[in-house]
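Observations on the model geometry
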Amino acid sequence: MIMWTILLVLAILHRASSHGIQPLSRIAIHKATLALDNLAYVKASPTVLGLNGQNTEWVTVEYSSPNPSMDDWIGVFSPANFSASTCPAENPRVYPPLLCSAPIKFQYANYTSPDYKVNGKGSLKLQLINQRSDFSFALFSNGFLNPKLVAVSNTVSFANPNAPVYPCLAQGKQWDEMTVTWTSGYGIDEAEPFVQWGPKGGHQQHSPAVTLTFDRSSVCGAPARTIGWRDPGFIHTSFLKELWLNRVYTYKLGHRLFNSTYVWSQEYQFRASPFPGQNSLQRVVIFGDMGKDEADGSNEYNNFQRGSLNATKQLIKDLKNIDIVFRIGDICYANGYISQWDQFTAQIEPIASAVPYMLASGNHERDWPGTGSFYENNDSGGECGVLAETMFFVPAENRAKYWYSTDYGMFRFCIADSEHDWREGTEQYKFIEHCLASVDRQKQPWLVFLAHRVLGYSSDLSYAVEGSFGEPMAKENLQKLWQKYKVDIAIYGHAHNYERTCPIYENQCTDNEKRYYKGTLKGTIHVVAGGAGASLSPFTTLKTKWSLFRDYDYGFIKLTAFDHSNLLFEYKKSSDGKVYDSFRISRDYRDILACTVDSCPLTTLAS
């Protein structure tokens, strides 16, 4: 009993750790005190960024302190004025200098200056992105728990901080529709947002965009409402309709100011989606729990998302061989520090601007007590879904209920929202069954179920200690749907590792094959693909008959449909992009029609 209790405590601690502690939360900015020193300084250059239209630039920060220490650090603040004058009345601070804004990122003063402790001089190369406001850099002493503000730099800003940036494509509600979502500093009382687009080399047209935003009262709690708050600007979405299948289109983001001048983004391009059932080569990438990271090494205090840059680089490197991406929850781990959503969209821009980038909701986006989330915890840092639901388009009937279906050629994807109730009899359960039941398997033979939490099978240590090997109640409520409607593959995140099961139903392998599946679909293969970037989760040492492959490393999934009868599944590591696990499915339509265990009614008129 004592050993079991110890294991349970370790699992609980592991789960909290593996899902990541937001680095900015380690800084007790509300306890900061004023210790400005005339002999200390911070200087940043250049002072104006993006003179040639760039949205990302490197800045050199030089600093000096007469009393240097190993725990001195540099904070990057935006807006540049982070003093008491910017604190809202509802958020008073007790200790001067009444800082009411956490830094958007930070780094140790001796990170690239090993002699800083000796001579008190150092410098950093920091990467900034256009985030609709100016920046300043501050030198703090006394570590993170009781920081003292020693010096503040000059202001740095982009030439046009309001410029349209970081487009993200997503499939619309119809197969021939593509949506483009981006961020800017222009409200509808300042400019008209639109997309200029058309076939590559052909006639260009304008499509207007709708504009959304939110304020501090829209989110649900701290830190999103307090020290993590940052103005999100304006989020615009344009709907590009009646696309010709597989045709390449170019597009530019535009804002027409009311003085009749125009502000433009750079030009991007994408390939339109195939029609449902189209027989062509179709390549899909799926992963969860990637997060974001800083190319300059910032947020060094807690490196729980370092794997995300490798995953991003591998996808960019192979982008010509990717048609659509699914990000199944725990998107950027902002956890209420709103500036990090901009940093995430900047990181994925080369991918999301070129192929549809489809999302599922995770606990770090949605969960917050008293807001209707299925899990009553604080994982979203007060965001309660507002950020994800506003900043990214998904073809859901109601984006506050983040479940939807989308077709891509021979694939039907049913995306569940694991943070809302999915049990039998609920609204979401009815959606899941309709999504699975309504697909024409002759035209779309590849049926894939996606969710953030493991609603199927996982050997992650935390699940094993609970004795559930997946979300409690999930299998008993959903597995009969997967079996009845013959779901090929169910893929999840949440557990930060990779695992693949045999075709399985009610905890039993329904096929002993491991690499090549042909003929009748006997059971669903369950896959955990939550190792895209956040700190890894260990597996249990217990051996289960249904777990065929485990990997404690960073990676992602790729599905390749060659035609209506042949599908290739690959697990690739983020470190090198090479395949470390794979299997094939070869199946005809008659194989899907055939009855297997609990997949057909027990009696029919024929019998």
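Since the structure is predicted, the reported quantities are computational estimates derived from the model, not experimental observations.

A separate point is the overall build of the chain. Per the secondary structure count, the chain includes ten helices and 32 strands. Against the globule reference of 25 Å for 607 residues, the chain gives a C-alpha radius of gyration of 25 Å, in line with a compact fold. The C-alpha extent of the chain, read off along each of the three principal axes, is 90 × 70 × 45 Å. Classification of the 607 residues of the chain by burial places 60% in the buried group. Within the chain, contacts between residues separated by at least 24 positions form 72% of all contacts whose residues are at least 6 apart in sequence. A total of about 23,600 Å² of accessible surface is found on the chain, and carbon and sulfur atoms cover 53% of it. Considering the chain, the positive charge centre built from 56 side chains and the negative charge centre built from 60 side chains are found 4 Å apart.

As far as domains go, the chain holds domain 1 (41-158) and domain 2 (275-593). Computed over C-alpha atoms, the centres of domain 1 and domain 2 are 37 Å apart. If you look at the interface, domain 1 gives 15 residues, while domain 2 gives 14 residues. Together domain 1 and domain 2 conceal approximately 1,300 Å² of surface at their shared face, both sides included; 53% is due to carbon and sulfur atoms. Together, Ile104, Lys105 and Phe106 form the three largest contributors to the area buried by domain 1 at its contact with domain 2, with a combined 32%. At the boundary of domain 1 and domain 2, one finds three salt bridges. One salt bridge connects glutamate 294 with lysine 105, and the closest N-O pair in it is separated by 3.1 Å.

This next bit is on the sheet that holds strand E27 (residues 516-518). Sheet strands pair via backbone hydrogen bonds, and the direction of the pair is either parallel or antiparallel. An order of E20-E19-E18-E30-E31-E32-E27 is seen for the seven strands of this open sheet, with the pairing classed as mixed. Unpaired on one side and paired on the other, strand E20 (357-360) and E27 mark the two borders of the sheet. The average angle at which neighbouring strand axes cross in this sheet is 15 degrees, direction not considered. Sheet topology note: the strand E31 (residues 566-573)/strand E32 (residues 579-586) ladder contains seven bridges and is antiparallel. Within the sheet, the bridge partner assigned to glutamate 570 lies in E32 and is serine 582. Along the sheet, helix H4 (residues 339-352) makes contact with strand E19 (324-328) and E20, crossing E20 at roughly 130 degrees.

Grouped together as the largest cluster of nonpolar side chains are 72 residues, with contacts concentrated most on Ile286, Tyr357, Phe413, Ile491, Ile557 and Leu559. Ranked by the residues each element gives to this core, the list is headed by H4, at five residues. Isoleucine 557 has contacts with Val284, Val285, Ile286, Ile491, Tyr498, Val527, Ala529, Phe569, Glu570 and Tyr571, leaving out every residue within four places of it along the chain. Counting residues in each nonpolar core, the second largest holds 27 residues, with Phe431, Leu478, Val487 and Tyr492 among its members.

Right, let's talk about the sheet that holds strand E5 (residues 73-77) for a bit. A sheet is described by the order of its strands in space; here five strands give the open sequence E1-E9-E8-E5-E6, paired in mixed fashion. Bordering the open sheet on either side are strand E1 (33-34) and strand E6 (105-108), each of which pairs with just one other strand. Here four bridges tie E5 to E6, and the two strands are oriented antiparallel to one another. From the neighbouring strand, isoleucine 74 faces E6, where its bridge partner is glutamine 107.

What follows is about the packing of aromatic side chains. Each pair of aromatic rings is reported with the distance of its centres and the angle of its planes. For the structure on display, the rule yields 31 aromatic pairs. Note on tyrosine 498 and tyrosine 571: the rings are 3.8 Å apart at their centroids and 5 degrees apart in plane angle, and the pair reads as stacked. With tyrosine 498 in strand E25 (residues 498-505) and tyrosine 571 in strand E31, this residue pair connects regions lying 73 residues apart in the sequence. Assessed through its relative accessible area of 1%, tyrosine 571 is described here as buried. With a centroid separation of 4.5 Å and an interplanar angle of 15 degrees, the aromatic rings of phenylalanine 569 and phenylalanine 583 are classed as stacked. One end of the pair, phenylalanine 569, is in strand E31; the other, phenylalanine 583, is in strand E32, and 14 residues separate them in sequence. An aromatic cluster of three or more residues is present, and its members are Trp73, Phe77, Phe106, Tyr108, Phe140 and Phe144. Over the face of the ring belonging to tryptophan 264 we find lysine 252, whose NZ or CZ atom lies 4.7 Å from the ring centre. Sitting over the ring of tyrosine 457, lysine 475 keeps its end group 4.8 Å from the ring centre.

Definitions and cut-offs
- Residues numbered from 1 in each chain as written.
- Predicted model: local features only at pLDDT ≥ 70, side-chain atom pairs only at ≥ 80, totals over all residues.
- Heavy atoms only, no water.
- Helix = DSSP H or I, 4+ residues; strand = E, 2+ residues; numbered from the N terminus.
- Rg over C-alpha atoms; globule rule 2.2 N^0.38 Å.
- Buried < 20%, exposed > 50% of the residue type's maximum accessible area, 1.4 Å probe, protein only.
- Contact = heavy atoms within 4.5 Å.
- Areas by Shrake-Rupley, 256 points an atom, 1.4 Å probe, with all protein chains shown as cover.
- Lys, Arg positive; Asp, Glu negative; His and termini not counted.
- Charge placed at Lys NZ, Arg CZ, Asp CG, Glu CD.
- Domains from an automatic or database assignment.
- Buried area = accessible area lost by both parts, 1.4 Å probe.
- Salt bridge = Lys/Arg side-chain N within 4 Å of Asp/Glu carboxyl O.
- Pairing = 2+ DSSP bridges.
- Axes fitted to C-alpha atoms, helices over the stretch in contact; angles between N-to-C directions.
- Core = buried A, V, L, I, M, F, W, Y, C linked by side-chain atoms within 4.5 Å.
- Phe/Tyr/Trp six-rings, centres within 6.5 Å; stacked < 30°, edge-to-face > 60°.
- Lys NZ or Arg CZ within 6 Å of the ring centre and 35° of its normal.

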